[in-house]
Each structure stands twice: as C-alpha cells, then as structure tokens.
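Commentary on secondary and tertiary structure
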Amino acid sequence: MKKHLLAKVILLLGCAVLMNGCGFVKYSFSGTSIDPDVHTVTINYFGYKALKVNPTLANQLTEAMKDKFKKMTKLEEVEMDGDLEIEADVTGYEVRAASVTANEVAAQNRLTVSVKLKFTNRKHPEEDLEKSFSAYSDYDSTNSLDAVEASLCEEIVEKLVEDMFNACVAQW
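Quantities reported herein were computed from a predicted structural model and do not represent experimental measurements. (Residues numbered from 1 in each chain as written. Predicted model: local features only at pLDDT ≥ 70, side-chain atom pairs only at ≥ 80, totals over all residues. Heavy atoms only, no water.)

**Things to note about the overall build of the protein**
Just so we agree on the cut-off: Where helices and strands are cited, they refer to DSSP runs of H or I of at least four residues and of E of at least two residues respectively, numbered from the N terminus. Buried residues are those whose accessible area, probed at 1.4 Å on protein chains only, stays under 20% of the maximum for their type, while exposed residues exceed 50% and partly exposed ones sit between those limits. Between two residues, a contact is recorded if the distance between any of their heavy atoms is within 4.5 Å. Calculation of accessible area relied on Shrake-Rupley with a 1.4 Å probe; when residues are assessed, cover is drawn exclusively from the protein chains displayed.
Across its full length, the protein holds three helices and six strands. Taking all 172 residues of the protein together, 37% fall into the buried category. Put simply, 66% of the contacts in the protein that link residues at least 6 apart link residues at least 24 apart. Surface summary for the protein: the accessible area is close to 10900 Å², and the carbon and sulfur share equals 56%.

Take a look at the structure:
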C-alpha cells in the first residue's frame with residue numbers, strides 16, 4: 001500500500017514539475033492567464049465619445065481597471081510602453097425604457113454604458129484584442145436619473161471592468 005501511495009506522489013510531483021518547470025503554463029489562483037515573461041501593464045485613461053455626457057464615468061472606469069490589475073495581478077503599472085497596454089473609449093451612455101406598464105408608461109428604465117476596448121500584448125501579439133463591451137442597470141421610473149445615477153454607474157463600472165479584465169488576462 002505504501003508503494004502505491006509513493007507512486008502517486010511521485011507521479012503528481014513529476015507532472016507539476018513538467019507543467020511548471022519550463023514556464024509554458026499560464027496559471028494562477030486569481031484566474032488570470034498571464035505569460036511569465038509579462039511584467040508590466042500600461043492602462044491609459046479612458047476616452048469619452050458618448051453623446052450623453054457623464055463627466056466622471058471615464059475616470060471611474062480607468063481607476064477601477066487600475067485597481068483590478070493591482071488586486072488581481074503582480075504586474076507593475078507603468079506610464080507607457082508596458083508589456084500589456086489597455087486603451088478604451090466610452091462609446092455609449094443611454095437611458096431607455098426597460099419595462100412598460102399596461103398604460104404604456106415606463107415602469108423601469110435601463111441605463112446602458114458601452115465601451116470599446118483595445119488590448120495590446122507586446123510580448124505575445126497573438127493575444128491582442130479589440131472588442132466592445134456593454135453593461136446596464138435598471139431603475140424604477142419614479143426615480144430621476146440624477147437621483148440614482150451614481151449608484152447605477154458604480155454597479156455598471158464593476159460589471160464592465162470584470163468583463164474587460166477577464167477578456168484581457170483570463171481569455172474568457
């Protein structure tokens with residue numbers, strides 16, 4: 001029985017050495033998939049190209065993305081020429097009716113934010129990405145947008161950053 005257990009342990013250790021020893025495996029407990037030769041990230045301030053203006057949204061997104069990288073990776077943030085580079089623009093910011101009552105009045109409204117992301121991996125250009133993301137949050141139409149906008153944007157920023165982060169370094 002001891003031989004059987006010893007054989008399993010040796011096999012497990014051998015597999016671990018093979019998978020990790022050569023540096024080919026991209027794996028971490030945070031779910032990221034960053035090559036071992038990538039050490040820095042540049043996150044440019046997000047632009048704002050949506051017709052309806054929210055003066056703080058681009059900055060909120062930028063800072064949330066920087067925070068996400070600090071918390072979830074060991075990459076050093078640099079001002080320019082990082083191994084990874086993220087650029088993005090807010091391309092949409094709109095409110096529409098989400099549900100309508102029997103009297104054809106909006107019962108709920110939906111705030112939707114769209115972002116176009118450009119991700120560049122200078123070490124592994126095959127992982128470069130250009131993609132649009134959107135997220136929304138619904139609110140009761142008895143509230144004005146001004147009354148709920150801050151909390152809605154906080155929720156939307158969280159969703160967008162999670163999706164963009166996963167697309168960049170988790171390849172989801």
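**Here's the deal with the packing of aromatic side chains**
Note the following rule: Two rings belonging to Phe, Tyr or Trp (six-membered ring only in the last case) form a pair when the distance between their centres is within 6.5 Å. Interplanar angles under 30 degrees mark stacking, angles over 60 mark edge-to-face geometry, and anything in between is tilted. The criterion for a charge sitting over a ring is simple: Lys NZ or Arg CZ within 6 Å of the ring centre, and within 35 degrees of the ring normal.
Applying the stated criterion across every chain, the model contains one aromatic pair. Considering the side-chain rings of Phe 69 and Phe 165, the 5.0 Å spacing of their centres and the 75° angle between planes classify their relative orientation as edge-to-face. With Phe 69 in helix α2 (residues 57–72) and Phe 165 in helix α3 (residues 145–170), the pair connects residues that are 96 residues apart, well separated along the chain. Using a relative accessible area of 2% as the deciding quantity, one classes Phe 165 as buried. Looking at Lys 68, its charged tip hangs above the ring of Phe 165, at a distance of 5.6 Å from the centre. The ring centre of Tyr 136 lies 5.5 Å from the NZ or CZ of Lys 159, which sits over that ring.

**Some details on the confidence of the model for the protein**
Selection criterion: One number per residue, pLDDT, summarises how confident the predictor is, and it ranges from 0 to 100.
Mean pLDDT over the protein works out to 85, with 80% of the residues at or above the 70 mark. Within the model, the stretch residues 15–30 combines pLDDT values under 50 with eleven contacts to residues more than four positions away or in other chains.

**Comments concerning a negative patch on the surface**
Note the threshold: Two joining distances apply to patches: 9 Å for like charges and 5 Å for nonpolar side chains (Val, Leu, Ile, Met, Phe, Trp, Tyr), and every residue must have over 30% relative accessible area and no salt bridge. Any carboxyl oxygen of Asp or Glu that lies within 4 Å of a side-chain nitrogen of Lys or Arg is treated as forming a salt bridge with it. Note that His is not counted, nor are the chain ends; the positive residues are Lys and Arg, and the negative ones are Asp and Glu. To locate a charge, take atom NZ for lysine, CZ for arginine, CG for aspartate or CD for glutamate.
On the surface, Glu 87, Glu 126, Asp 128 and Glu 130 cluster together into a patch of negative charge. The residue Glu 87 is located in strand β4 (residues 84–100) in this model. The exposure class assigned to Glu 87 is partly exposed, which follows from its relative accessible area of 32%.

**Brief notes about unusual backbone geometry**
For Asp 81, which is not glycine, the phi torsion reads 60° and is therefore positive. Tracing the chain through its elements places Asp 81 in the loop between β3 (76–77) and β4. In this structure Asp 81 comes out as exposed when scored by relative accessible area, which is 54%.

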